[in-house]
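Residue-level structural notes
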Amino acid sequence: MTDQKIRIATASLAGCFGCHMSFLDIDEKLVQLNERIEFNRSPLTDIKHCGPSDIGLIEGGVCNADNVRVLREFRANCKVLIAVGACAINGGVPAMRNYFDLRECLEEVYLHGTGVTNPQIPDDAELPLLLDKVYPVQEVVRIDYFLPGCPPPADAFLQMLMPLLDGKAPHIANNQLHYD
Ligand code: SF4
């Protein structure tokens, strides 16, 4: 094993940042982990684009064009890509919008919703276009591992990451595997 640190990139797509918070819930073990890793592009750093990385952690499903761009960038730059949490794995709670027509959702929120004072659907070209549905990440790119839970428990992150740092396959204990 070399002294070179393992590079980890993380992203939140159509997520709530809860998976990132659960990762940070490893508390003081983060200091230990930090001796072996360095963060690349992540909400925890100021790096704007995913550079070459060993491991990518993706929270959230894919709900807009920018999510697709970020996810593809991660796949192109991460040797191992992990779908973290229910949203990334199956769309999660945000995928409940898949039961409704996108136009109807936009009209309800921006035109007819409670408290709307200036009814108009935002159309600035800077805004990423919403997709017709919310998609699991594996419908857009190849995924190497899935870490279930909403969010996955903190220890499950360690059980996923520590073996990978040693080049081994992860094994998540049964009591750390859940979908809620
Ligand atoms: S899986 Fe749960 S905690 Fe993670 S981003 Fe989705 S809603 Fe948030």
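Residues numbered from 1 in each chain as written. Predicted model: local features only at pLDDT ≥ 70, side-chain atom pairs only at ≥ 80, totals over all residues. Heavy atoms only, no water.

Section: the layout of surface pockets
Size it by volume and the largest pocket reaches roughly 300 Å³. Around the largest pocket, the lining comprises 13 residues; the ones closest to its centre are Pro122, Leu127, Pro128, Leu129 and Leu130. Here the lining of the largest pocket gets three residues from one element, more than from any other, and that element is helix α5 (residues 102–112). When grouped by side-chain class, the residues that make up the lining of the largest pocket number ten nonpolar, one polar and two charged. (1 Å grid on protein atoms, 1.4 Å probe; cavity = no way out; pocket = protein on both sides within 12 Å on 5 of 7 lines; lining within 4 Å. Points joined across faces, edges and corners; volume = space filled by probe spheres on them. Helix = DSSP H or I, 4+ residues; strand = E, 2+ residues; numbered from the N terminus. Nonpolar A, V, L, I, M, F, W, Y, C, P; charged D, E, K, R; others polar.)

Some thoughts on the side chain of Thr10
Topologically, Thr10 is positioned in strand β1 (residues 6–12). For Thr10, a relative accessible area of 2% gives the class buried. Here Ser42 takes part through its side chain, which lies 2.8 Å from a polar atom of the side chain of Thr10. Aside from chain neighbours lying at most four places away, what touches Thr10 is His20, Phe39, Arg41, Ser42, Pro43, Leu57 and Phe74. (Buried < 20%, exposed > 50% of the residue type's maximum accessible area, 1.4 Å probe, protein only. Polar contact = N/O pair within 3.5 Å; in protein donor to acceptor, adjacent residues only side chain to side chain. Contact = heavy atoms within 4.5 Å.)

Concerning unusual backbone geometry
With omega at 0°, the peptide bond leading from Cys150 into Pro151 counts as cis. Residues other than glycine seldom take positive phi values, yet Phe17 does so here, at roughly 75°. With respect to the helices, strands and loops of the structure, Phe17 is situated in the loop between β1 and α1 (18–24). Phi at Asp27 is positive, roughly 55°, even though this residue is not glycine. Position of Asp27 among the secondary structure elements: in the loop between α1 and α2 (29–34). Residue class for Asp27 comes out partly exposed when judged on its relative accessible area of 47%.

Brief notes about the environment of Pro151
With respect to the helices and strands, the residue Pro151 is situated in the loop between β7 (145–147) and α6 (154–165). Spatially, the C-alpha atoms of Pro151 and Leu106 are 28 Å apart, while their sequence positions differ by 45 residues. With sequence-adjacent residues up to four places away left out, Pro151 is seen in contact with Gly18, Cys19, Ser22, His178 and Asp180.

Considerations on the pattern of salt bridges
Tallying each qualifying case throughout the model produces nine salt bridges. Taking the shortest distance from any N to any O, the salt bridge between Asp46 and Lys48 comes out at 2.8 Å. Ionic pairing is found between Arg103 and Glu107, a salt bridge with its closest N-O pair at 3.1 Å. Of this pair, Arg103 and Glu107 are both found in helix α5, four residues apart, which corresponds to roughly one turn of the helix. On the accessibility criterion, Glu107 (25% relative accessible area) is partly exposed. A single salt-bridge network, built from bridges that share partners, covers Arg7, Asp54 and Lys79. (Salt bridge = Lys/Arg side-chain N within 4 Å of Asp/Glu carboxyl O.)

Side note on the pairing of β1
In terms of residue burial, β1 counts as a mostly covered element, since six of its seven residues are buried. Judged from the three bridges that link them, β1 and strand β2 (residues 37–39) form a sheet pairing that is parallel. Bridge pairing in β2 links Ile8 to Phe39. (Pairing = 2+ DSSP bridges.)

Digging into the site of the ligand
Close contacts around the ligand come from Gly15, Cys16, Gly18, Cys19, Glu59, Gly85, Ala86, Cys87, Gly149, Cys150 and Pro151, and that covers them all. Looking at the shell around the ligand, the elements with two or more residues in it are α1 and α4 (85–90). Element by element, the count of residues in the shell around the ligand is highest for α4, at three residues. Looking at the shell around the ligand residue by residue, the classes come out as six nonpolar, four polar and one charged. (Near = heavy atom within 4 Å.)

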